[in-house]
Amino acid sequence: MKWTEQQIPRQDGRVAVVSGANTGLGFETARRLAERGASVVLAVRDTEKGRLAAARINGDVSVRELDLASLESVRAAAAGLRATHPRIDLLINNAGVMYAPRQTTRDGFELQFGTNHLGHFALTGLLLDLLLPVPGSRVVTVSSNGHRIRAAIHFDDLQWERSYGRVAAYGQSKLANLMFTYELQRRLAAHGTTIAVAAHPGISNTELPRNVPAVVRRPLTWLAPVITQPATAGALPTLRAATDPSVLGGQYYGPGGLAEARGYPRLVTSSPESYDVTVQQRLWAVSEDLTAVRFPVGRVAAAA
């Protein structure tokens, strides 16, 4: 079956928080959820852009400041959400940076790892108790095919202080997104209410690749009509992960076409490295230490 936006069930009465929702995939995700009746919070770094985006969406939409490159901002956003929303049905960890030149977050983390993984890890941990009592609630984290490219979790140099490769650093952050999802699902399983799911958009025509080196950007521009899909299509795997009643915890959704670059969303498989439970649990422990955020769900021993 070709899963399209027509398959999104009504979302009346549900609350969805979408990070990076002022543009691209996040905007399209938020727009469709709101049109289906959800109360949607656009969690964005630039609130003015967020307000402009909200004005383009039909439905119940609000804006909350969230800078994932600052743990102080993450904590403030979580506190603000807790004050206004006693329950959350969907937390969609969508925002991200890609192939950025080496920079650090306000807390000294490498920008891509700090924003794409640690910021969302902290946000999820600070909000999870608002999802746990809600039957059918979900945490959806957006990864990328980039998790397969030169990707590993470099515990000996997580912040790329000795050497830096923007492609490898992006790959690490997107691999971390998947490992976080799989370990979170293992911890959530005993609660029976909330599930963790991952998705990726294939190759979508958004602002995200703006830091791609010029030597690569030019050919991509020429090939874009052939190999990319619009953000409206790129958001569908996230929307399916968030709303399809048949989705199970720990699953991963992406485009069904050649090399998962484009096409209708379907269940896909991530890299063999992403399923390494030992690395998942080590990454979790390191992430808790770096963010000082503890989750209200405990570690579960891996099956033998």
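Up top you'll find the structure we're talking about.
What comes next concerns the included structure. No experiment lies behind these values; they were computed from the predicted model shown.

Rules behind the numbers
- Residues numbered from 1 in each chain as written.
- Predicted model: local features only at pLDDT ≥ 70, side-chain atom pairs only at ≥ 80, totals over all residues.
- Heavy atoms only, no water.
- Core = buried A, V, L, I, M, F, W, Y, C linked by side-chain atoms within 4.5 Å.
- Buried < 20%, exposed > 50% of the residue type's maximum accessible area, 1.4 Å probe, protein only.
- Helix = DSSP H or I, 4+ residues; strand = E, 2+ residues; numbered from the N terminus.
- Contact = heavy atoms within 4.5 Å.
- Salt bridge = Lys/Arg side-chain N within 4 Å of Asp/Glu carboxyl O.
- Pairing = 2+ DSSP bridges.
- Axes fitted to C-alpha atoms, helices over the stretch in contact; angles between N-to-C directions.
- Expected span 1.5 Å × (residues − 1).
- Parallel < 35°, antiparallel > 145°, perpendicular 65-115°, else oblique.
- Left-handed = near helix turned anticlockwise from the far one by under 90°.
- Nonpolar A, V, L, I, M, F, W, Y, C, P; charged D, E, K, R; others polar.
- Right-handed = clockwise from strand over helix to strand, strands pointing away.
- Phe/Tyr/Trp six-rings, centres within 6.5 Å; stacked < 30°, edge-to-face > 60°.

1. Observations concerning the nonpolar core
Okay, so step 1: Counting 41 residues, the largest nonpolar core has Leu-127, Leu-128, Leu-184 and Phe-295 as the members making the most contacts within it.
Okay, so step 2: Here this core takes 10 residues from helix H4 (residues 111-131), the largest share from any one element.
Okay, so step 3: Apart from the residues lying within four places of it in its own chain, the contact partners of Phe-295 are Phe-121, Thr-124, Gly-125, Leu-128, Phe-180, Leu-184, Trp-284 and Glu-288.
Okay, so step 4: If you look at the next biggest cluster of nonpolar residues, it comprises 30 residues, including Phe-27, Ala-34, Ala-199 and Ala-235.

2. Things to note about the pattern of salt bridges
Okay, so step 1: The full count for this structure, using the stated rule, is 14 salt bridges.
Okay, so step 2: Between Glu-5 and Arg-32 there is a salt bridge, with the nearest N and O atoms lying 3.6 Å from each other. With Glu-5 in the segment before strand S1 (15-19) and Arg-32 in helix H1 (residues 24-35), this residue pair connects regions lying 27 residues apart in the sequence.
Okay, so step 3: Exposure remark for Glu-5: the relative accessible area of 26% places this residue in the partly exposed category.

3. As for the sheet that holds strand S4 (residues 90-93)
Okay, so step 1: Taken in spatial order, the 8 strands line up as S3-S2-S1-S4-S5-S6-S9-S10 in an open sheet, and their pairing is mixed. Either end of the sheet is taken by a strand with one partner, and the two such strands are strand S3 (60-65) and strand S10 (265-267). Adjacent strand axes in the sheet meet at a mean angle of 20° when their direction is disregarded.
Okay, so step 2: One ladder, built from 4 bridges, connects S4 with strand S5 (residues 138-142); its direction is parallel. Across the sheet, the residue bridging to Leu-91 is Val-139, located in S5.

4. Here we look at helix H5 (residues 166-188)
Okay, so step 1: With 23 residues, H5 should cover 33 Å at 1.5 Å per step; its first-to-last C-alpha distance of 33 Å lies within 8% of that length.
Okay, so step 2: In terms of burial, H5 is largely enclosed, as 20 of its 23 residues are buried.

5. Structural notes on the packing of H1 against helix H8 (residues 236-243)
Okay, so step 1: Here H1 crosses H8 at 45°, and the two axes come no closer than 9 Å. In terms of their interaxial angle, H1 and H8 are classed as oblique. In this structure, the crossing between H1 and H8 has a hand that is right-handed. The segment H1 lies against H8, with Thr-29, Arg-32 and Leu-33 engaging Leu-236, Thr-238, Leu-239 and Thr-243.
Okay, so step 2: Across the contact of H1 with H8, the residue classes break down as 3 nonpolar, 3 polar and 1 charged.

6. Section: the pairing of S3
Okay, so step 1: Judged from the 6 bridges that link them, strand S2 (residues 39-44) and S3 form a sheet pairing that is parallel. Its bridge partner being in S3, Ser-39 is matched across the sheet by Asp-60.
Okay, so step 2: In this fold, S2 hands off to helix H2 (residues 47-55), which returns the chain to S3; that crossover is right-handed.

7. Focus on the packing of aromatic side chains
Okay, so step 1: Counted under the stated rule, the structure contains 9 aromatic pairs.
Okay, so step 2: When the centroid spacing of 5.2 Å and the interplanar angle of 75° are considered together, the rings of Tyr-99 and Tyr-170 count as edge-to-face. Here Tyr-99 is found in the loop between S4 and H4, whereas its partner Tyr-170 is found in helix H5, with 71 residues between them in sequence. The same class applies to Tyr-99 as to Tyr-170, namely buried.
Okay, so step 3: Each ring, one from Trp-284 and one from Phe-295, has its centre 4.6 Å from the other, and the planes form 55°; the classification is tilted.

8. Here's the deal with the pairing of S1
Okay, so step 1: Counting buried positions over the 5 residues of S1 gives 5, a clear majority of the element.
Okay, so step 2: Alternating positions in S1 separate into two faces, Val-15, Val-17 and Ser-19 on one and Ala-16 and Val-18 on the other, with burial throughout.
Okay, so step 3: Looking at chain direction, S1 and S2 are connected through 5 bridges and run parallel. Across the sheet, Ala-16 pairs through a bridge with Val-40, a residue of S2.
Okay, so step 4: Note that the unit made of S1, H1 and S2 has a crossover that is right-handed.
Okay, so step 5: Two elements, S1 and S4, share 3 bridges in a ladder whose sense is parallel. Residue pairing for S4: Ala-16 is matched across the bridge by Leu-90.

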